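Given next are the chains, with one letter for each unit.
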Amino acid sequence: MLCFSHDWTGDPLSKTHLMRLLARENRILWVNSIGYRAPSVSGRDLRRIAQKLRAAATPVREVEPNLFVLSPLVIPAYGVAAMRRVNRELLRFQVLRAMRKLGFNNVINWVFNPAAGVIAGALGEQMLIYYCVDEYTAFSDVPTESLILLERELLHKAALVIVSAERLFQSKQGENPHTVLVRHGVDHAHFSKALRPETRIPDEIANLPRPIIGYFGLMAADWIDIDLMVRVAKHFSKGSLVLLGKVTTDVSALSALPNVHLLGRKPYADLPAYSKGFDVAMLPFPISEVTLNANPLKVREYLAAGLPVVSTAIPEVEVLGLCRIGRDPAGFIAEIEAALADPGPQAARSEQVRSESWAARIEEIRGHVAALARPA
């Protein structure tokens, strides 16, 4: 199997969980991110370019049993037709070379990155699956028109399109009738460690003033409402706001507050321990086309840890029926206040998502693939 996705070293996302399960019975070639947008001259982008160049010089490596990673060299300038052609040939050469080295043929190609539409269908695949988990064309920093074109071509080529949100289903099924909705799962066994007596709350939050209102995940302009978080921090001025994750946007309004603790990205293995220290977990998404199409994985992870969850009005959170929804800043704060009546990890909350495992999602997908093979 092939998988075009984010960088393997990034935070574990839906594709990471799915491919790890599929690798139990299949060999996977994971192709690291080929990007969506042209890089800028910012320090962050220049560092990423240097990392990409170093990674491209590294041979295909087996990072876990049956899971091999390729870091291809590409030029993320998909808005220029000539560059798309260059990238197609450059990518095709590198991926086919890796496939030959690993003895791959007649592969199933799982595409999670719509930019990979530039090469999808040109690798001798026996099946092409487009797994869409975001409305990528709504992201604030991508070349929208060229990405729309690449995604439309990908939707038409794919034998099966899998989406993770109802809103995505409504928008993609018109381009491909073989579009199905498979919502995210959760690594329940991992996050429920927050409930174990032996799990130790990390020292850096263990003695913070209560309540501790927590968040983990990427902090980027499309994904967090800074103004809302500032209001939460000021309202709970005697408590603590703990924010874990990579920061790619201006958070100076938060870092200026004495009860806000920006602790950076933490290893996935440590998230249950941090969750154990939270009284309430929050999802402070702004309301936009990006977030309205999202199915935030962290919500199920919070719930698996047994935490009460307060979210903005994101459809895929509301459909769960397990979280408190704040429809404006005052309502968000009121819902946190209500959640604090029963704070911290609770086994009953965790049990509510035990059945939503990634293994169960794989079985759903197998059923959809089998249905394609049955005569009409």
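Note that the structure is a prediction, hence the values are computed from the model and not measured. (Residues numbered from 1 in each chain as written. Predicted model: local features only at pLDDT ≥ 70, side-chain atom pairs only at ≥ 80, totals over all residues. Heavy atoms only, no water.)

> Tell me about the overall build of the chain, and name the residues and values.
Secondary structure summary: the chain contains 16 helices and 14 strands in total. Computed over the C-alpha atoms, the radius of gyration of the chain is 21 Å, within 12% of the 21 Å expected from 2.2 N^0.38 for a compact globule of 376 residues. Each principal axis of the C-alpha distribution contributes one length, and for the chain these read about 60 × 50 × 40 Å. Expressed as a percentage of its 376 residues, the buried residues of the chain come to 53%. (Helix = DSSP H or I, 4+ residues; strand = E, 2+ residues; numbered from the N terminus. Rg over C-alpha atoms; globule rule 2.2 N^0.38 Å. Buried < 20%, exposed > 50% of the residue type's maximum accessible area, 1.4 Å probe, protein only.)

> Tell me about the packing of helix α8 (residues 226-235) against helix α14 (residues 329-339), residues and numbers included.
Between α8 and α14, the least distance of the axes is 10 Å, while the angle of their chain directions is 45 degrees. As far as their axial angle goes, α14 and α8 are oblique. Here α8 and α14 pass one another in a crossing that is right-handed. Two secondary-structure elements touch here, α8 through L228, R231, V232 and H235 and α14 through P329, A330, F332, I333, I336 and E337. Here the residues of the contact of α8 with α14 are counted per class, giving seven nonpolar, one polar and two charged. (Axes fitted to C-alpha atoms, helices over the stretch in contact; angles between N-to-C directions. Parallel < 35°, antiparallel > 145°, perpendicular 65-115°, else oblique. Left-handed = near helix turned anticlockwise from the far one by under 90°. Contact = heavy atoms within 4.5 Å. Nonpolar A, V, L, I, M, F, W, Y, C, P; charged D, E, K, R; others polar.)

> How would you sum up helix α12 (residues 297-304)? Please name residues and give values.
Within α12, eight of the eight residues are buried, which leaves it mostly tucked inside the rest of the structure. Listing the buried residues of α12 in full gives L297, K298, V299, R300, E301, Y302, L303 and A304. At the exit of α12 stands G306, carrying a positive phi of roughly 85 degrees.

> Now, about helix α16 (residues 358-373): what can you tell me, with residues and values included?
The terminal C-alpha atoms of α16, which comprises 16 residues, lie 23 Å apart, in line with the 22 Å expected from a rise of 1.5 Å per residue. Among the residues making up α16, those that are buried are W358, R361, I362 and I365. All buried residues of α16 lie within an arc of 100 degrees about the axis, which places them on one face of the element. Lining the buried residues of α16 we find α1 (14-22), β5 (108-111), β6 (127-132), β7 (160-163) and α12. (Expected span 1.5 Å × (residues − 1). Arc of directions from axis to C-beta.)

> How would you explain the packing of aromatic side chains if you had to name every residue and give the values?
Going through the model one piece at a time under the given rule, you end up with nine aromatic pairs. Ring geometry for Y136 versus F139: centroids 5.8 Å apart, planes at 75 degrees, classification edge-to-face. Here the two residues Y136 and F139 agree in accessibility, since each one is buried. An aromatic cluster is built from Y136, F139, W223 and F285, whose rings are joined through pairwise contacts. (Phe/Tyr/Trp six-rings, centres within 6.5 Å; stacked < 30°, edge-to-face > 60°.)

> Kindly report on the side chain of K15, identifying the contributing residues and their values.
Mapping K15 onto the fold places it in helix α1. Buried and unpaired, K15 has D134 as its nearest opposite-charge partner, separated by 5.4 Å. (Lys, Arg positive; Asp, Glu negative; His and termini not counted. Salt bridge = Lys/Arg side-chain N within 4 Å of Asp/Glu carboxyl O.)

> Quick one: what's the story with the confidence of the model for the chain, residue by residue and with numbers?
When pLDDT is averaged along the chain, the result is 93; 93% of the residues meet or exceed 70. Highest mean pLDDT in the chain belongs to strand β13 (residues 309-311) (99); lowest belongs to helix α2 (residues 43-56) (50). (pLDDT = per-residue confidence, 0-100.)

> Before we move on, can you summarise the environment of K298 with the specific residues and values?
Its location among the elements puts K298 in helix α12. Residues contacting K298, with those up to four places away along its chain left out, are Y215, F216, G217, L283 and F285.

> Describe the sheet that holds β5, with residues and values.
Taken in spatial order, the eight strands line up as β3-β4-β2-β1-β5-β6-β7-β8 in an open sheet, and their pairing is mixed. Two strands close off the open sheet at either side, each with one partner strand: β3 (61-64) and β8 (179-181). Averaged over neighbouring strand pairs, the angle between their axes works out to 25 degrees when direction is ignored. Sheet topology places β5 next to β6; four bridges connect them, and they run parallel. Across the sheet, the residue bridging to N109 is L128, located in β6. Packing of helix α4 (residues 144-157) onto the sheet brings it into contact with β5, β6 and β7, and relative to β6 it is tilted by some 130 degrees. (Pairing = 2+ DSSP bridges.)

> Before we move on, can you summarise the environment of I226 with the specific residues and values?
Locating I226 in the fold gives a position in helix α8. Counting along the chain gives 57 residues from I226 to F169, while the straight-line C-alpha distance between them is 29 Å. Apart from the residues lying within four places of it in its own chain, the contact partners of I226 are D250, V251, A253 and L254.

> I'd like to hear about the sheet that holds strand β9 (residues 212-216), residue by residue, with values.
Spatial ordering of the open sheet is given by β11-β10-β9-β12-β13-β14, a layout of six strands whose pairing is parallel. Lying at the two open borders of the sheet, with one neighbouring strand each, are β11 (260-264) and β14 (324-325). For β9 and strand β12 (residues 280-283), the ladder comprises two bridges, and the chain directions are parallel. Bridging across to β12, I213 finds its partner in V280. Contacts from α8 reach β9, β10 (240-244), β11 and β12 within the one sheet, and its direction differs from that of β10 by about 145 degrees. Strands β9, β12, β13 and β14 of the sheet are contacted by α14, whose axis makes an angle of about 175 degrees with β13.

> Can you lay out the side chain of T179 for me, pointing to particular residues and giving the numbers?
Relative to the helices and strands, T179 is located in strand β8. T179 gets classed as buried once you look at its relative accessible area, which sits at 6%. Of the polar contacts made by the side chain of T179, one reaches the backbone oxygen of N176; its length is 2.5 Å. T179 has contacts with V161, V163, F169, K172 and Q173, leaving out every residue within four places of it along the chain. (Polar contact = N/O pair within 3.5 Å; in protein donor to acceptor, adjacent residues only side chain to side chain.)

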